[in-house]
Amino acid sequence: MSQLNALYAWIKSYASTQHTRIALTEINSIISGMTGIPREHLLTHEDIVLSNTDIERIKKAVKKRATHYPLQYIVGSVEFMGINFLIDPGVLIPRPETELLVETALTYMADREYRTVLDLCCGSGVIGLSIASMERNAFISFTDNSKRAVHLTIKNSESLGLTPRVRFYTGDLFSRVPASERFDLIVSNPPYVPHARMRHLQKEVLYEPVTAIDGGRKGMEVIKRIIQQAGKFLNQNGMLIIEHDDTQKRYLETLCTDTDQTALKYMKTINDLSGLPRISIFSRK
Ligand code: GLN
């Protein structure tokens, strides 16, 4: 049996002792992440030789994965919008549905010739950095209340060669953004999961920073604060595009008219591929 096949067999039997299964694609991601061997080589080169240190590292990673520790934290990276981003346990793992937010933002940016963008609650920076990669004229500011998140966004911006067009702030929502700043577009994937639902999330999610996910009562606590403050930081024809939970559309539709303290107007909500309302758009009044 080749060394690789022996390793696959060990992983399979270890996972079954833990009453779990690890898919082959995940196993190959772990092996590739731990050794640097490209995934496609694993599929075609059965005779790959691994050092004992490699094997020990792979086994350790598999043991961690068997506890539902997220694959993305083990390998330290994630693909989003076709771009490879660094990730670590201090930030939320980007979800594929957030790509809809980026695509929506890019459409409006092209239509309205937007240049300046703020990625609010940026985490690892995937939203703003994807926009910056695809829209070469865009200038992006990032802010997050987590130093670790901002640090990771900086690292990601450096590895993508985007440093000349980015700027960073660390603090609660808009608190560190200079009061005189105005953006064409604010994009945000804030914490929005309703607190009562936190207990029912997948085991993997328990390893992610709770402050990036728990949105308090009805999941609306951070979103409400964003909507109250965002208008002050938008240019006259600017807009806010925000990701949210599928239960929140009805609150979002009425939020501006209800409070009337905001400089924003609800425009519309966009459904994801499964038909659920997940992205809402607000414009300056
Ligand atoms: N979509 C994430 C989840 O389902 C939550 C992300 C967020 O709160 N911004 O866990």
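As shown above, the structure is provided for reference.
Sequence order sets the numbering: in each chain, residues are counted from 1 along the sequence as written. This being a predicted model, a pLDDT of at least 70 is required before a residue's local features are given, and a value of 80 or more before pairs of side-chain atoms are given or counted; all residues contribute to the totals for chains, interfaces and linings. Side-chain descriptors were evaluated using all non-hydrogen atoms of the structure, hydrogens and water having been removed beforehand.

Caption draft 1: Geometry of the packing of helix α1 (residues 3-17) against helix α4 (residues 52-65). For every element, the axis is a line fit to its C-alpha atoms; helices are fit only across the contacting stretch, and the angle between N-to-C directions ranges from 0 to 180 degrees. Strands here are runs of E lasting at least two residues and helices are runs of H or I lasting at least four, both read from the DSSP assignment and numbered beginning at the N terminus. The contact between α1 and α4 brings their axes to 11 Å, and the two run at 25°. Taken together, α1 and α4 sit at an angle that is classed as roughly parallel. Judged by the twist between their axes, the crossing of α1 over α4 is right-handed. Of the residues in α4, those in contact with Q3, L7, W10, I11 and Y14 of α1 are I55, I58, K59, V62 and K63. Here the residues of the contact of α1 with α4 are counted per class, giving seven nonpolar, one polar and two charged. Each angle is binned into one of four classes, with values under 35 degrees roughly parallel, values over 145 roughly antiparallel, values of 65 to 115 roughly perpendicular, and all other values oblique. Crossing chirality is assigned from the near helix's rotation relative to the far helix, an anticlockwise turn below a right angle marking it left-handed and a clockwise turn marking it right-handed. We call two residues in contact whenever any of their non-hydrogen atoms come within 4.5 Å of each other. Basically, the charged four are Asp, Glu, Lys and Arg, the nonpolar ten are Ala, Val, Leu, Ile, Met, Phe, Trp, Tyr, Cys and Pro, and anything else, Gly included, counts as polar.

Caption draft 2: Structural detail: the environment of M34. Along the chain, the position of M34 falls in helix α2 (residues 24-35). Taking relative accessible area as the criterion, M34 reaches 12% and is therefore assigned buried. Sequence separation between M34 and G238 is 204 residues, and the spatial gap between their C-alpha atoms is 44 Å. Discounting residues that sit within four places of it in the chain, M34 has contacts with D54, R57, I58, A61 and I74. For every residue, the accessible area (1.4 Å probe, protein chains only) is compared with the maximum for its type, and the residue is labelled buried under 20%, exposed over 50%, or partly exposed between those bounds.

Caption draft 3: A look at the pairing of strand β8 (residues 264-271). A pair of strands is considered paired only if DSSP assigns at least 2 bridges between the two. Sheet topology note: the β8/strand β9 (residues 277-284) ladder contains seven bridges and is antiparallel. Note that in β9 the partner of Y266 across the bridge is F282. Connecting β8 to the antiparallel partner β9 that follows it, the hairpin turn spans five residues, and G275 within it adopts a positive phi of roughly 85°.

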